[in-house]
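# An overview of the molecular structure
The chain contents come next:
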Amino acid sequence: MKDLENKVALVTGGSSGIGRATALAFAQQGAKVVVAARRIQEGEETIKLIKEIGGEGIFIATDITQEAQIKALIEQTVFHYGRLDCAFNNAGVAVGNPLLEETEENYYKVFDLNVKGVFLCLKYQVAQMLKNGGGAIVNCSSILGVVGLAPVCLLYTASKHAVLGLTKSAALEFATANIRINAVSPGVIETEMSRPMLAFPFYQEFIAKHPMKRVGKVEEVANMVVFLCSDKASFITGENIAIDGGFLAQ
């Protein structure tokens, strides 16, 4: 039997990259997958890929900065599949400038998506999981949720630190309710979005600081998320797992 047979899994930001890889990994382990994202064409492509491997899933267009849309996302998930067992709060944005060049506009853009979005997703996911007897949630932070990086990424770093705070506090609040909440912190991962940037000197220097001297693969993050949502991780909550080629061990 597959690890997540008959489970229902939700992935935000599932239209590409780590989110798409995780949606596929959930499907491979037997889960029915709900993919949420703002980009409709790409989100529907993820569902097509899920069905090509024999999985089942639906796409629901969602902007996680809007509370009403998150509420509707959970309601539609339950309407289609009757419950919610697993969630990966992956949707986020990576923009940033040095402090003296940073803008208030970017602050709201980054924090609305990376922090407010995760908070609202947690709120409605946990409420539903309490109704069906428990579940598991994984939030996507970053190695920059643990350490800083100068001169760029100021707001992104702050937002990903906040994600870890949300993760730990929520995990403690619901530890006795059979709801486990953890985080993953990827290092540099090759995705459609990051691939063009990897050739720049800044990113090459950053990659060189990873002891394994390479970028990570989306599947390497997805596999950890699926593990954390499975019963194999039944005594793990409030943790942050770095998937970073040894970066944070330095």
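Refer to the structure above for everything that follows.
Counting starts from 1 at the beginning of each chain's written sequence and moves along it residue by residue. pLDDT decides what is reported in this predicted model: residues at 70 or higher carry local features, side-chain atom pairs at 80 or more are listed and counted, and totals for whole chains, interfaces and linings draw on all residues regardless. Calculation of side-chain values draws on the structure's entire complement of heavy atoms; hydrogens and water are dropped beforehand.

## As for the overall build of the protein
Starting at the N terminus, helices and strands are each numbered in turn, a helix being any DSSP run of H or I of at least four residues and a strand any DSSP run of E of at least two. The helix and strand inventory of the protein stands at 7 helices and 9 strands. A radius of gyration in this sense is built from C-alpha atoms; the matching globule rule multiplies 2.2 Å by the number of residues raised to 0.38. A compact globule built from 250 residues should have a C-alpha radius of gyration of about 18 Å, and the protein, at 17 Å, falls within 12% of that. With respect to the principal axes defined by its C-alpha atoms, the protein has extents near 50 × 35 × 35 Å. A simple rule labels every residue: compare its accessible area, found with a 1.4 Å probe on the protein chains alone, to the largest value its type can have, and call it buried under 20%, exposed over 50%, or partly exposed in between. In the protein, buried positions account for 51% of the 250 residues. Whether two residues are in contact is decided by their heavy atoms: any pair within 4.5 Å suffices. Taking the contacts inside the protein whose residues are at least 6 apart along the sequence as the reference set, 71% of them involve residues at least 24 apart. The distance from the centre of the 23 positive side-chain charges to the centre of the 25 negative ones in the protein is 4 Å. Only four residue types enter the tally: Lys and Arg on the positive side, Asp and Glu on the negative side; His and the chain ends are excluded. Taken as the charge location is NZ of Lys, CZ of Arg, CG of Asp or CD of Glu.

## A closer look at the nonpolar core
To form a nonpolar core, buried Ala, Val, Leu, Ile, Met, Phe, Trp, Tyr and Cys residues must be joined to one another through side-chain atoms within 4.5 Å. The biggest cluster of nonpolar side chains holds 34 residues, and the ones touching the most others in it are Leu10, Val34, Ile137 and Ile181. Contributing elements (two or more residues each) for this core: strand 1 (8–12), strand 2 (32–37), strand 3 (56–61), helix 3 (67–81), helix 4 (104–131), helix 5 (154–173) and strand 6 (179–186). For this core, the leading source of residues is helix 4, giving 11 residues. Look past the residues within four positions of leucine 10 in its chain and what remains in contact with it is Val34, Ala36, Leu73, Ile74, Leu84, Cys86, Ala87, Phe88 and Gln125. Formed by 33 residues, the second largest nonpolar core is a distinct cluster that contains Phe26, Val218, Cys229 and Ile243.

## Focus: the pairing of strand 4 (residues 86–89)
Where burial is concerned, the two faces of strand 4 agree: the one with Cys86 and Phe88 and the one with Ala87 and Asn89 are both buried. The definition of a right-handed crossover adopted here requires that, viewed with the strands pointing away, the path from the first strand over the helix to the second runs clockwise. As a crossover connection, the stretch from strand 4 through helix 4 into strand 5 (residues 135–140) is right-handed.

## Regarding unusual backbone geometry
The backbone phi angle of asparagine 6 is positive, close to 70°, even though this residue is not glycine. Within the element layout of this structure, asparagine 6 appears in the segment before strand 1. With relative accessibility at 51%, the residue asparagine 6 sits in the exposed group. Residues other than glycine seldom take positive phi values, yet lysine 213 does so here, at roughly 60°.

Shape is all these values report; function is a separate question.
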